[in-house]
Amino acid sequence: METNILMEQDKSSILHTYNRFPVALDHGEGVYLYDTEGKKYLDFAAGIAVQALGYADQEYNQALKDQIDKLLHTSNLYYNQPTIEAAKKLCAAAELDRVFFTNSGTEAIEGAIKTAKKYAYEKDGSTDHELIAMNHSFHGRSLGALAVTGNAHYREPFEPLPGIVKFADYNDLNSVKKLVNDKTCAILLETIQGEGGIYPAEQEFLEGIRQICDEKHILLILDEIQCGMGRCGTMFAWQEYGVKPDIMTCAKALGCGVPVGAFVMTEAVADASLKPGDHGTTYGGNPFVGAAVSKVLDIFSERKITEHVKETGAYLEQELERLKSQYPFAAARRGRGLMQGLELRVPVKEVSSRALKQGLLVITAGDNVLRFVPPLVIERKHVDEMIQKLKIVLDSF
Ligand SMILES: *Cc1c(COP(=O)(O)O)cnc(C)c1O
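Not measured: the values here are computed from a predicted model.

How should I be thinking about helix H12 (residues 287-302) in this particular structure?
Residues three or four positions apart in an α-helix share a direction because the helix packs 3.6 residues into each turn. Compared with the 22 Å implied by 1.5 Å per residue over 16 residues, the 22 Å span of H12 between its first and last C-alpha is a close match. Of all 16 residues making up H12, 13 are buried, and the element is well covered by its neighbours. The backbone nitrogen of Phe288 has a side-chain oxygen 3.1 Å away, supplied by the residue at the start of H12, namely Asn286. One or two residues past the end of H12 sits Lys304, with phi positive at roughly 50°.

See below:
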């Protein structure tokens, strides 16, 4: 069907919460997508850092098809083998001990907050604990996740939001120290800020926060929903820093297209926080998503995805640096591995719109950053192709 007809139908039946690109994607193959009119796109967006394996991966698809024919859903009232296997593999990859599977990233954040609050409540029986989160953070759209999202635009219409949350400045350890008190139960941050504009944590900042947490018995929650799952060259971004969280959230590429998230924690936190009856979900971690996560984690280790990201990410970084030096309105490049941002002094929304016309999908972060979060299976030749297309776009400014 023609795109403009679909756009009309969307408008009359789907709530208008997104200003979409004028394209209806139909199918994918490798790192390319095709729209309903047959036009081909090189994908440097990956459905917002989700499609780590690209499209139509036969091994992954077959595992899903097999599980569909076997069993989709049972509820969490019964044991389920695919999800137990997924949990074992995720805990091993995350160097953590217990996992709760959710249906999304925002629910993973909700669960992490509930875990931290319950942990503090178990210790002193009081209910006035505080959280410290970061300015320019993004943790999701449900009310608990909004409460820790440091962006007034997302929050304001929905105030008051639950809990006592204080906001520090990212990469400013003193601003965190000033907010810590006896009521602080957790410090929550993205290891690398995504939506806020691709800002990696500085080594000393992350180490400093870990130290505060250890000294004051505060839990460190790292949101790895976007930067985790191999995107930055290690399975989880914190592993590169060597700063381990007490609770970690994960989603986006965890299911590579199947809606699933998780919050994962140490045994010490698990043993002293959520108990039977404290938390639940009907769908979360059903056999279908369990089979998906399990297969994703197998493929990641069999195909050495993190090593591939280290190499290809370094190349992308080098080529973006080169690009930056060629355009005076390119102000900065930031990021790790295959999570890169290019800060521009021209309207980035317009850049991504013009890129679409060139057959390139690339998205934005914050107000002035072009965001590159391609499938992790991207190769050097795809980086070259992207740069070539992007140059045509940038030359038009
Ligand atoms: C996308 C994202 C979320 C929210 O995940 P949803 O699946 O959209 O609910 C939370 N935190 C970070 C860092 C994200 O990038």
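Let us keep going from here.
It is not clear to me how the sheet that holds strand S1 (residues 25-29) should be interpreted in this structure. Could you clarify?
Sheets are built from strands that pair by backbone hydrogen bonding, the pairs being arranged parallel or antiparallel. The four strands lie next to each other as S1-S2-S3-S15, forming an open sheet whose pairing is mixed. The open sheet is flanked by S1 and strand S15 (360-361), the only strands paired with a single partner. Lying on the sheet, helix H15 (residues 380-395) is in contact with strand S2 (32-35), strand S3 (40-43) and S15; it crosses S3 at an angle near 110°.

What's the story with the pairing of strand S14 (residues 339-344) in this structure? I'm lost.
Taking burial as the measure, the six residues of S14 include six buried ones, the bulk of the element. Neither face of S14 is left uncovered, since the one carrying Met339, Gly341 and Glu343 and the one carrying Gln340, Leu342 and Leu344 both have all their residues buried. Pairing geometry for strand S13 (residues 330-336) and S14, over six bridges, is antiparallel. From the neighbouring strand, Arg333 faces S14, where its bridge partner is Leu342. In this antiparallel pair of consecutive strands, S13 and S14, the connection spans two residues, and Gly337 shows a positive phi of 55°.

Rules used throughout
Residues numbered from 1 in each chain as written. Predicted model: local features only at pLDDT ≥ 70, side-chain atom pairs only at ≥ 80, totals over all residues. Heavy atoms only, no water. Helix = DSSP H or I, 4+ residues; strand = E, 2+ residues; numbered from the N terminus. Expected span 1.5 Å × (residues − 1). Buried < 20%, exposed > 50% of the residue type's maximum accessible area, 1.4 Å probe, protein only. Polar contact = N/O pair within 3.5 Å; in protein donor to acceptor, adjacent residues only side chain to side chain. Pairing = 2+ DSSP bridges. Contact = heavy atoms within 4.5 Å. Axes fitted to C-alpha atoms, helices over the stretch in contact; angles between N-to-C directions.

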